[in-house]
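Letter by letter, the chains look like this.
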Amino acid sequence: MIADFIRRLARRCAPQPVSRSTSRANRPVIAPQPGSVAERDIANTTVMPSGRIRAYARTARGVGRLAAITVWVPLSVGFEAVLLLVPGTAKIRWTRMVWGGLCLLLSLRIRVVGRRAGGVGGRRARQEGERPVIYVSNHSSWLDVPVLGTVLPSNFVAKGDIEGWPIMGLVSRIGRTIFVSRQRSTTGRERDEMLHRLMVEGDNLILFPEGTSSDGSRVLPFLSAFFAIAKPPRLPPGKGPVEPESEAEAIAARPGMTPLIQPVSVVYDQLEGVPVNRARRPVFAWYGDMELGPHVWQLVKWRSMRATVLLHAPLDPNDFPSRKALAQATWRAVAAGAAELRQNQPQPESETAYACRPLAGLLPQDLERSRN
């Protein structure tokens with residue numbers, strides 16, 4: 001008991017350590033001299049909250065990008081209009097540079113997984129027997145157009161409403177977009193136009209068989225009507241094949257010239273270097289009755305984004321009994337690939353993953369073919 005009393009007494013009498021905060025508080029404050037330059041600078045200094053600085057920086061970033069896009073799009077599209085008069089694949093290659101430049105201005109990086117089927121296309125390629133390709137993709141945003149337009153040397157098939165839009169309609173027409181109205185009275189004419197572009201002009205096509213854009217959390221069922229160009233309806237029993245009435249039908253009737261179907265999954269998986277989760281997915285999604293202007297304005301204020309394009313193994317329409325079966329197989333591939341990308345699952349090591357070169361509009365396989 002006496003030992004405990006002595007320890008408590010010694011603890012009370014020992015000097016207490018001075019904390020850092022207490023020592024700082026006791027330090028003398030050195031104030032500037034009255035009327036000095038330092039006093040005037042302190043008086044004129046305004047402290048701005050960090051949140052407000054961040055908001056101003058985002059606004060300035062968005063204004064700068066919109067200004068750059070306003071300059072790039074008219075100049076590049078105007079040059080593309082001149083290339084429409086030039087034979088060959090120059091207009092196809094330049095279109096990829098137009099979309100690639102737009103992705104670059106948006107700070108939208110593109111990661112490609114897999115290998116693209118088909119080449120650049122063109123009239124000479126079809127005459128030499130190069131098989132046409134129809135790329136079939138999911139659709140969740142207007143960003144799908146510049147992303148796929150950069151990766152794939154092809155033309156889009158879009159709904160007819162876009163043709164009447166003030167700016168996008170003109171850009172789409174110069175970009176040789178095929179417009180469809182999905183009305184029964186125009187189905188035959190639209191199919192003939194797509195067949196002519198595939199077989200005679202040598203264009204590959206990009207389809208969005210969902211028929212509309214979604215919120216990006218799932219892939220909507222594919223409409224089998226979009227696959228009519230690759231899988232014509234069966235002839236009635238006892239009726240022989242019809243003689244081709246046009247050059248396009250004659251080329252399509254050749255062995256091995258049925259268009260290949262390559263499923264493509266597109267997911268926006270990074271925002272400012274952070275994986276995109278369900279809460280951040282609406283940043284990219286544009287669907288329903290959403291206004292385009294406000295969505296673009298909110299998007300251009302982010303520092304960086306990334307889209308991943310997963311190219312699946314191509315499908316041969318001749319291996320499927322009907323258009324419905326072909327649409328189902330394509331949908332399963334696209335939906336499964338998009339689900340894996342949304343969950344940030346690692347891709348097989350056998351697949352090649354690489355960053356697309358936006359301005360050049362080239363993939364590694366394009367460089368391989370140019371060397372050969």
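Calculation rules
- Residues numbered from 1 in each chain as written.
- Predicted model: local features only at pLDDT ≥ 70, side-chain atom pairs only at ≥ 80, totals over all residues.
- Heavy atoms only, no water.
- Helix = DSSP H or I, 4+ residues; strand = E, 2+ residues; numbered from the N terminus.
- Buried < 20%, exposed > 50% of the residue type's maximum accessible area, 1.4 Å probe, protein only.
- Contact = heavy atoms within 4.5 Å.
- Expected span 1.5 Å × (residues − 1).
- Phe/Tyr/Trp six-rings, centres within 6.5 Å; stacked < 30°, edge-to-face > 60°.
- Axes fitted to C-alpha atoms, helices over the stretch in contact; angles between N-to-C directions.
- Parallel < 35°, antiparallel > 145°, perpendicular 65-115°, else oblique.
- Left-handed = near helix turned anticlockwise from the far one by under 90°.
- Nonpolar A, V, L, I, M, F, W, Y, C, P; charged D, E, K, R; others polar.
- Pairing = 2+ DSSP bridges.
- pLDDT = per-residue confidence, 0-100.
- Salt bridge = Lys/Arg side-chain N within 4 Å of Asp/Glu carboxyl O.

1. Remarks on the overall build of the chain
When its secondary structure is counted, the chain shows 13 helices and 9 strands. Counting the 372 residues in the chain, one finds 42% classified as buried. By sequence separation, contacts in the chain at least 24 residues apart represent 77% of the contacts at least 6 residues apart.

2. Remarks on helix α5 (residues 90-105)
In this model, α5 (16 residues) spans 23 Å end to end at C-alpha, consistent with the 22 Å of a helix rising 1.5 Å per residue. Turning to α5, its buried residues are K91, I92, W94, T95, R96, V98, W99, G100, G101, L102 and C103. Trailing α5 by a residue or two, S107 shows a phi angle of about 55°, which is positive.

3. As for the packing of aromatic side chains
Inspection of the entire model under this criterion finds 4 aromatic pairs. Taking 6.5 Å as the distance between ring centres and 45° as the angle between the ring planes, the aromatic pair formed by W72 and W94 counts as tilted. Highlighted residues: W72 in helix α4 (residues 50-83) and W94 in helix α5, separated in sequence by 22 residues. We classify W94 as buried; its relative accessible area is 17%. Ring geometry for F79 versus W94: centroids 4.9 Å apart, planes at 75°, classification edge-to-face. One end of the pair, F79, is in helix α4; the other, W94, is in helix α5, and 15 residues separate them in sequence. For F79, a relative accessible area of 42% puts it in the partly exposed group.

4. Describing unusual backbone geometry
Even without being glycine, R176 reaches a positive phi, approximately 65°. Look at R176 and you get buried, because its relative accessible area is 13%. The backbone of E272 sits at a positive phi, close to 55°, despite the residue not being glycine. The residue E272 is located in the loop between β6 (260-271) and β7 (274-275) in this model. A relative accessible area of 26% means that E272 is categorised as partly exposed.

5. A few points about the packing of α5 against helix α7 (residues 144-151)
With their axes 8 Å apart at the nearest point, α5 and α7 run at an angle of 130° to one another. It follows that α5 is oblique to α7 by the angle criterion. With respect to the hand of their crossing, α5 and α7 are arranged in left-handed fashion. Contacts between α5 and α7 pair R96, W99, G100, L102 and C103 from the former with V145, P146, V147, G149, T150 and V151 from the latter. Its residues placed into classes, the contact of α5 with α7 shows 7 nonpolar, 3 polar and 1 charged.

6. Some points on the pairing of strand β3 (residues 155-159)
Here β3 lies mainly inside the structure; 4 of its 5 residues are buried. In this sheet, strand β4 (residues 178-180) lies alongside β3 in parallel orientation, the contact comprising 3 bridges. The partner of A158 across the bridge, within β4, is F179.

7. Remarks on the pairing of strand β8 (residues 305-311)
In terms of residue burial, β8 counts as a mostly covered element, since 7 of its 7 residues are buried. Of the two faces of β8, the one carrying M305, A307, V309 and L311 and the one carrying R306, T308 and L310 are both buried. Where strand β1 (residues 108-113) and β8 come together, 6 bridges link them in parallel fashion. Bridge assignment links V112 to a residue of β8, and that residue is V309. As paired elements, β6 and β8 share 7 bridges and run antiparallel to each other. Paired with V264 across the bridge in β8 is L311.

8. Describing the confidence of the model for the chain
Put simply, the chain has an average pLDDT of 80, and 74% of its residues get 70 or more. For the chain, per-element mean pLDDT is lowest for helix α2 (residues 20-25), which scores 50, and highest for strand β2 (residues 133-137), which scores 95.

9. A short note on the pattern of salt bridges
For the structure on display, the rule yields 9 salt bridges. Here E201 makes a salt bridge to R123, at a shortest N to O gap of 2.8 Å. Taken together, the residues E201 in the loop between α9 (187-199) and β5 (205-207) and R123 in helix α6 (residues 123-127) connect sequence positions 78 residues apart. Accessibility expressed as a relative area gives 23% for E201, which makes it partly exposed. Residues D203 and R176 are paired through a salt bridge, measuring 2.6 Å at the closest nitrogen-oxygen approach. Taken together, the residues D203 in the loop between α9 and β5 and R176 in the loop between α8 (168-174) and β4 connect sequence positions 27 residues apart. Both residues of the pair, D203 and R176, count as buried. Through salt bridges with shared partners, a single network forms among R111, D269 and R306.

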